[in-house]
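Descriptive analysis of the structure
Chain by chain, the residues run as shown.
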Amino acid sequence: MSNAVSALQGATSEGFATITEAGLRGMITLRGDLSSAKLKKAVKSTAGVDVPAQRACNSAGDKAVAWMSPDELLVMVPYADVVDATTRIAKALEGEHALAVNVSDARAVFTIEGAGAREVLAKLSPVDLSREAFTTGMFRRTRLAQAAVAFWMRDETTFELVCFRSEAQYVFDVLSMSARTGSEVGFL
C-alpha cells in the first residue's frame, strides 16, 4: 500500500467552471522512435489505446497516451499500476533505443469542467481554444500564466491539465481565479 498523497489532496473550486485537483495519476514519460512497431505494441498493451497523432491524446477510461514531442509520449495509467506498467514497457522495449520513466510523483493533474471550461483556459494560455480550432482529443504543451503545462480535451466540457507538482498550488489558484463567477468574457 502506498503512502503517497496528491499535491493538493483533491482541492476543488467552484465558479463558472469547476476546477479539481484530480488526485494521483500514474504517468510514464516514454522516449523513443514513435514509429517503432515494438513501441506501438508496448503502448497499446499498457494503455489500451494507439500511439496518438501529433498534438493529440488518445484515452479510454482511466488510461491515456498523449503526444509530447516527435520522440516522446506521456502514458497515463492508474497510480496503483504505474510501477508495473513502467517495468513492462521497459522490458518490451529491450534492445531498442528507448526510455521509460515513472514521473507520477513529480506531476499534478487538474480537471476543468463545465460549459465555461474552454474560457477558463483561453484566458490563461496562448492556445487558440475556439471550437473550430481545438476539439475533443486535442493536446497541447504550453504555458498557463507563468507555469509550463500540458492539457487536452476529454469531451466538449472537460479538460485535463498536467503541471509540475511544485507548481500545483499556483496553477490551482490561477485556474480558480480565471473561473471565478463574474469574470466571464463570453468566449465561446
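Residues numbered from 1 in each chain as written. Predicted model: local features only at pLDDT ≥ 70, side-chain atom pairs only at ≥ 80, totals over all residues. Heavy atoms only, no water.

An unreviewed UniProt entry annotates the chain as Sarcosine oxidase subunit gamma originating from Litoreibacter meonggei.

Thoughts on the overall build of the chain
The secondary structure content of the chain amounts to four helices and 11 strands. For 188 residues, the compact-globule estimate of 2.2 N^0.38 gives 16 Å, and the C-alpha radius of gyration of the chain, at 16 Å, lies within 12% of that figure. If you line up the chain on its principal axes, its C-alpha atoms span 55 × 40 × 25 Å. Split into buried and exposed, the 188 residues of the chain put 48% on the buried side. (Helix = DSSP H or I, 4+ residues; strand = E, 2+ residues; numbered from the N terminus. Rg over C-alpha atoms; globule rule 2.2 N^0.38 Å. Buried < 20%, exposed > 50% of the residue type's maximum accessible area, 1.4 Å probe, protein only.)

Focus on the layout of surface pockets
Any empty space left between the atoms is revealed when a probe the size of a water molecule rolls over them. Empty space within the largest pocket amounts to approximately 260 Å³. Looking at the largest pocket, it is lined by 13 residues, and the ones nearest its centre are Met 68, Arg 107, Arg 141, Ala 150 and Phe 164. When its residues are assigned to classes, the lining of the largest pocket shows eight nonpolar, two polar and three charged. (1 Å grid on protein atoms, 1.4 Å probe; cavity = no way out; pocket = protein on both sides within 12 Å on 5 of 7 lines; lining within 4 Å. Points joined across faces, edges and corners; volume = space filled by probe spheres on them. Nonpolar A, V, L, I, M, F, W, Y, C, P; charged D, E, K, R; others polar.)

Overview of the environment of Ala 150
Mapped onto the fold, Ala 150 is located in strand S10 (residues 147-155). Take Ala 150: its relative accessible area is 5%, and that puts it in the buried class. Separated by 91 residues in sequence, Ala 150 and Ser 59 have C-alpha atoms that sit 15 Å apart. Residues contacting Ala 150, with those up to four places away along its chain left out, are Phe 139, Arg 140, Arg 141, Glu 160, Leu 161 and Val 162. (Contact = heavy atoms within 4.5 Å.)

A look at the sheet that holds strand S6 (residues 72-77)
Taking strand neighbours across the sheet as the criterion, the five strands line up as S4-S5-S6-S3-S7 in an open arrangement whose pairing is antiparallel. The strands lining the two open edges of the sheet, one partner per strand, are strand S4 (57-60) and strand S7 (99-102). Across this sheet, the average inter-strand angle for adjacent strands is 15°, counted without regard to direction. With four bridges joining them, S4 and strand S5 (residues 63-69) adopt antiparallel strand pairing. Note that in S5 the partner of Ser 59 across the bridge is Ala 64. (Pairing = 2+ DSSP bridges. Axes fitted to C-alpha atoms, helices over the stretch in contact; angles between N-to-C directions.)

Overview of helix H1 (residues 37-47)
Those residues of H1 lying buried are Leu 39, Ala 42, Val 43, Thr 46 and Ala 47. Each buried residue of H1 sits inside an arc of 100° when the element is viewed along its axis, so together they form one side. More than 90 degrees from the buried face of H1, the exposed residues found are Ala 37, Lys 41 and Ser 45. Buried residues in H1 make contact with strand S3 (26-31), S5, S6 and helix H2 (82-92). A side-chain oxygen of the first residue of H1 lies 3.2 Å from the backbone nitrogen of Lys 38; this N-cap is Ser 36. Gly 48 occupies a position one or two residues after H1 and carries a positive phi of about 75°. (Arc of directions from axis to C-beta. Polar contact = N/O pair within 3.5 Å; in protein donor to acceptor, adjacent residues only side chain to side chain.)

Examining the packing of aromatic side chains
If you walk through the whole model with that rule in mind, you get five aromatic pairs. Among the aromatic residues, those joined into a ring-pair cluster are Phe 134, Phe 151 and Phe 159. (Phe/Tyr/Trp six-rings, centres within 6.5 Å; stacked < 30°, edge-to-face > 60°.)

Brief notes about the side chain of Ser 36
Within the element layout of this structure, Ser 36 appears in the loop between S3 and H1. At 2.9 Å, the side chain of Ser 36 forms a polar contact with the side chain of Glu 96.

Description of the environment of Ser 6
Within the fold, Ser 6 resides in the segment before strand S1 (12-14). In this structure Ser 6 comes out as buried when scored by relative accessible area, which is 12%. Residues Ser 6 and Leu 30, spaced 24 residues apart in sequence, show a C-alpha to C-alpha distance of 22 Å. Excluding its chain neighbours within four sequence positions, the residues that come into contact with Ser 6 are Glu 21, Gly 23, Leu 24 and Arg 165. Here Gln 9 takes part through its backbone nitrogen, which lies 3.0 Å from a polar atom of the side chain of Ser 6.

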